[in-house]
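Examination of the molecular architecture
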Amino acid sequence: MIDKWYHFITKERSLIGVSITRIFFGIAILYELLINYPARYLLWGAQGLYPYSEYLAYTQKEKFFTLFDISASNLFVDLVFTIGILAAICYIIGYRTRIMGIFLAMLIFSLYFRNPEITHGGDNILRILLIYLIFARVNAHFSIDAIRKRKAEEKPTKSLFSFFQGNETLKAIKAVLHNFAWFACILQIAFLYFSAGSYKIMGEMWQSGTALYYASRVQDFYTPHLTELLWFEPLIVIMTYFTVIFQVAFPFLLLNRYTKYLAIFSAVSLHFGIAVFMGLADFSWIMIGCEFMLLLDHEYQKIFQFLSKLKKRANVEQKQAA
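Since we're looking at a predicted model, the values are computed, not measured.

Procedures and definitions
- Residues numbered from 1 in each chain as written.
- Predicted model: local features only at pLDDT ≥ 70, side-chain atom pairs only at ≥ 80, totals over all residues.
- Heavy atoms only, no water.
- Core = buried A, V, L, I, M, F, W, Y, C linked by side-chain atoms within 4.5 Å.
- Buried < 20%, exposed > 50% of the residue type's maximum accessible area, 1.4 Å probe, protein only.
- Helix = DSSP H or I, 4+ residues; strand = E, 2+ residues; numbered from the N terminus.
- Contact = heavy atoms within 4.5 Å.
- Axes fitted to C-alpha atoms, helices over the stretch in contact; angles between N-to-C directions.
- Left-handed = near helix turned anticlockwise from the far one by under 90°.
- Nonpolar A, V, L, I, M, F, W, Y, C, P; charged D, E, K, R; others polar.
- Parallel < 35°, antiparallel > 145°, perpendicular 65-115°, else oblique.
- Disulfide = S-S within 2.5 Å.
- Patch = residues over 30% accessible without salt bridge, like charges linked within 9 Å, V, L, I, M, F, W, Y side chains within 5 Å.
- Areas by Shrake-Rupley, 256 points an atom, 1.4 Å probe, with all protein chains shown as cover.
- Salt bridge = Lys/Arg side-chain N within 4 Å of Asp/Glu carboxyl O.

1. Some thoughts on the nonpolar core
Counting residues in hydrophobic clusters, the biggest one holds 66 residues, and the most contacted among them are Phe-250 and Met-293. Broken down by element, the residue count for this core peaks at 10 residues, all from helix α5 (residues 74–93). Those residues in contact with Phe-250, other than ones at most four positions away along the chain, are Ile-189, Ala-190, Tyr-193, Ala-263, Ala-267, Glu-291 and Leu-294. Membership of the second largest hydrophobic core comes to 6 residues, among which are Trp-206, Ala-211, Leu-230 and Ile-236.

2. What about the packing of helix α10 (residues 168–201) against helix α13 (residues 233–253)?
Contact geometry for α10 and α13: axes closest at 7 Å, N-to-C directions at 145°. Seen from above, α10 lies across α13 with left-handed handedness. Within the contact between the two elements, α10 uses Ile-189, Ala-190, Tyr-193, Phe-194, Ala-196, Gly-197, Ser-198, Lys-200 and Ile-201 and α13 uses Thr-243, Val-244, Phe-246, Gln-247, Val-248, Phe-250, Pro-251 and Phe-252. Considered class by class, the residues forming the contact of α10 with α13 number 12 nonpolar, 4 polar and 1 charged.

3. Quick word on unusual backbone geometry
The phi dihedral of Lys-63 is positive, around 60°, even though this residue is not glycine. Tracing the chain through its elements places Lys-63 in the loop between α4 (52–62) and α5. Phi is positive for Phe-142, close to 55°, though the residue is something other than glycine. With respect to the secondary-structure elements, Phe-142 resides in the loop between α7 (121–133) and α8 (144–154). Taking the relative accessible area as the measure of exposure, Phe-142 reaches 46% and is therefore partly exposed.

4. Structural notes on the side chain of Asp-145
Note that Asp-145 resides in helix α8. The residues touching Asp-145, leaving out its near neighbours within four places in the chain, are Gly-94, Tyr-95, Arg-96, Thr-97 and Asn-139.

5. Observations regarding the packing of helix α6 (residues 97–114) against α7
Two elements in contact, α6 and α7, have axes separated by 9 Å at closest approach and are oriented at 150°. What the angle tells us is that α6 and α7 run roughly antiparallel. Crossing hand, α6 versus α7: left-handed. Seen from α6, the contacting residues are Leu-104, Ala-105, Ile-108, Phe-109, Tyr-112 and Phe-113; seen from α7, they are Asp-123, Asn-124, Leu-126, Arg-127, Leu-130 and Ile-131. Across the contact of α6 with α7, the residue classes break down as 9 nonpolar, 1 polar and 2 charged.

6. Things to note about the state of the cysteines
The full count for this structure, using the stated rule, is 0 disulfides. Left unpaired, Cys-290 is separated from the closest cysteine sulfur, that of Cys-185, by 7.8 Å. In this structure Cys-290 comes out as buried when scored by relative accessible area, which is 0%.

7. Observations concerning the environment of Phe-113
Mapped onto the secondary structure, Phe-113 falls in helix α6. According to the relative accessible area criterion, Phe-113 is buried, its value standing at 13%. For Phe-113 and Thr-259, which are 146 residues apart along the polypeptide, the C-alpha to C-alpha distance reads 37 Å. If we skip the residues at most four places from it in the chain, Phe-113 touches Tyr-50, Tyr-55, Tyr-58, Phe-64, Thr-66 and Arg-127.

8. Some remarks on a nonpolar patch on the surface
Residues Ile-89, Ile-93, Tyr-95 and Ile-144 make up a contiguous nonpolar surface patch of about 290 Å² in total accessible area. Take Tyr-95: it is sitting in the loop between α5 and α6.

9. Concerning the pattern of salt bridges
One pass over the full model with this rule turns up 4 salt bridges. In this structure, Asp-145 and Arg-148 form a salt bridge, with 3.4 Å as the shortest nitrogen-oxygen distance. Taken together, the residues span about one helical turn, with Asp-145 and Arg-148 both in helix α8 at a distance of 3 residues.

10. Some remarks on the environment of Tyr-50
Its place among the elements puts Tyr-50 in the loop between α3 (40–44) and α4. Spatially, the C-alpha atoms of Tyr-50 and Lys-311 are 53 Å apart, while their sequence positions differ by 261 residues. Leave out the neighbours within four places in its chain, and Tyr-50 touches Gly-45, Tyr-55, Tyr-58, Phe-113, Arg-114, Asn-115 and Pro-116.

Structure follows, in structure tokens:
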């Protein structure tokens, strides 16, 4: 029994999933930095929308520290953004991922609290999950780090680094840390959906099935010529109730290997709809990126095999048609 548990916790889970999530998160951070670069002084500068004196008073009261405590100058804002853009690119391509992940977690935390007035739910979940992912092996796939590791394994050398790489105890410890970090992310995502659905149940508009209609009428969450397509009473009532039911049921759907696919499909569909019809593309991108962690490696292998078969069948049909 103990051996089974040891094998279970020391075998790294969802390496493909967290690697895809890493890419999604890196792109989201890069997008936010680039799109806000022209307005960086207004949003995060000392004389911007959220004055530095108010920020310092808040951090001293709450007793925490961010990168912006180092300096209030616009030059430092430039430095933070420049390094942040480079770190986000490195995180996407998987170069020195652990170091880049630590810096990006600090960066997002700092940006979040330097001007909390402009953040959204995606920034909040990103801020939390980036901390967990520091301890996960997010560079196992689709990364320069993985390529470098394979080359190093092909040419073994006697060094301190190779000793640490080959030590079974250290491998087991790293696997346990990875699994706990991955599981913490899953719990956070499940709690996010469940709590969001639970709060919706208490809302009168959600109970009456009209909440999505009124939300879609707000100009901040409106996509011209597309949002109007939702304003069909039976459709919007069904979507309102579906949203609540799905969010409350989400943690329980994950407990079964078949209903898990329904949970992932529903989540991706929901956030794709939010991106298209409400214009919250960055929030939806981050949330869709989270869903990739819900599948295990063997499930990804089955999906890849299925797609490979479809591709082969399409090629055969193309040749026969030619």
